[in-house]
Amino acid sequence: MRTVSVIDDSGLLAVLDVAGYRPYVSGDWDHAGLVAHLRAQTQAGRIFAWDCGDGGGSYPVSLRQGISASKGFREAGSVLAVRSGLVHVVSYDSLTMAAQFADAALPAAHEQDQCLALAPGSYRVRVVQTYDPAALDRPRAGLPAFVIEFEAGSGRPADGVAWHLG
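Report follows, based on the coordinates.

About the cut-offs
- Residues numbered from 1 in each chain as written.
- Predicted model: local features only at pLDDT ≥ 70, side-chain atom pairs only at ≥ 80, totals over all residues.
- Heavy atoms only, no water.
- 1 Å grid on protein atoms, 1.4 Å probe; cavity = no way out; pocket = protein on both sides within 12 Å on 5 of 7 lines; lining within 4 Å.
- Points joined across faces, edges and corners; volume = space filled by probe spheres on them.
- Nonpolar A, V, L, I, M, F, W, Y, C, P; charged D, E, K, R; others polar.
- Salt bridge = Lys/Arg side-chain N within 4 Å of Asp/Glu carboxyl O.
- Helix = DSSP H or I, 4+ residues; strand = E, 2+ residues; numbered from the N terminus.
- Buried < 20%, exposed > 50% of the residue type's maximum accessible area, 1.4 Å probe, protein only.
- Phe/Tyr/Trp six-rings, centres within 6.5 Å; stacked < 30°, edge-to-face > 60°.

1. Description of the layout of surface pockets
Then, in step 1: In this model, the largest pocket occupies a volume close to 160 Å³.
Then, in step 2: Considering only residue class, the lining of the largest pocket consists of 6 nonpolar, 3 polar and 2 charged.

Structure, rendered in structure tokens:
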């Protein structure tokens with residue numbers, strides 16, 4: 001298991017295939033437009049995004065291969081088609097920059113260490129949030145806020161951004 005720190009000011013995170021995800025959103029865009037873009041990219045198996053439910057902060061995220069039986073406050077899943085051999089845990093802040101500018105690359109320079117190498121193929125992805133965001137009770141120091149698990153396999157991608165209310 002590997003743990004990375006993801007900092008985001010809005011509280012929306014995602015995991016994506018570096019080669020498959022299309023970040024740029026042409027024309028005028030806003031939060032609703034980006035969420036619609038994320039939904040389409042999720043249904044294509046290129047990204048899986050979730051709303052953290054607490055408005056942002058610094059999130060320790062553990063990445064591991066294999067789907068476990070571990071439980072948390074809530075969990076969600078999808079399928080990700082990994083073409084590049086590299087998945088990236090990305091902040092909403094970086095997603096918005098890449099959505100605005102066609103030449104913005106993901107991972108951004110400050111998020112290069114938030115990647116995990118996986119063999120190309122189809123993966124089931126499970127995201128476990130370990131704390132109740134309504135209680136604003138983050139996990140104790142040293143424990144992850146989220147656990148992202150990857151296991152080779154197929155299935156149906158999620159319909160859109162997990163736990164997103166807007």
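2. Section: the pattern of salt bridges
Then, in step 1: Tallied over the full model, the rule gives 5 salt bridges.
Then, in step 2: For E149, the salt bridge identified is with R64, shortest N-O distance 2.7 Å. With E149 in strand β9 (residues 146–152) and R64 in strand β4 (residues 57–65), this residue pair connects regions lying 85 residues apart in the sequence.
Then, in step 3: The exposure class assigned to E149 is buried, which follows from its relative accessible area of 0%.
Then, in step 4: One salt bridge connects E75 with R126, and the closest N-O pair in it is separated by 2.9 Å. Taken as a pair, E75 in strand β5 (residues 74–82) and R126 in strand β8 (residues 121–129) lie far apart in primary sequence, 51 residues in all.
Then, in step 5: Each of R64, E75, R126 and E149 takes part in salt bridges that share partners, so that together they form one network.

3. Things to note about the environment of Q112
Then, in step 1: Relative to the assigned elements, Q112 resides in the loop between α2 (92–100) and β7 (115–117).
Then, in step 2: For Q112, a relative accessible area of 48% gives the class partly exposed.
Then, in step 3: Note: C-alpha distance between Q112 and V89 (23 residues apart in sequence) is 9.5 Å.

4. Digging into the packing of aromatic side chains
Then, in step 1: For the coordinates displayed, the defined rule picks out 4 aromatic pairs.
Then, in step 2: Ring centres 6.1 Å apart and planes at 70° place the aromatic pair Y131 and F146 in the edge-to-face group. With a gap of 15 residues between them, Y131 in the loop between β8 and β9 and F146 in strand β9 connect regions that are remote in the sequence.
Then, in step 3: Assessed through its relative accessible area of 0%, F146 is described here as buried.
Then, in step 4: Among the aromatic side chains, those forming a connected cluster through ring pairs are F48, W50, Y59, Y131 and F146.

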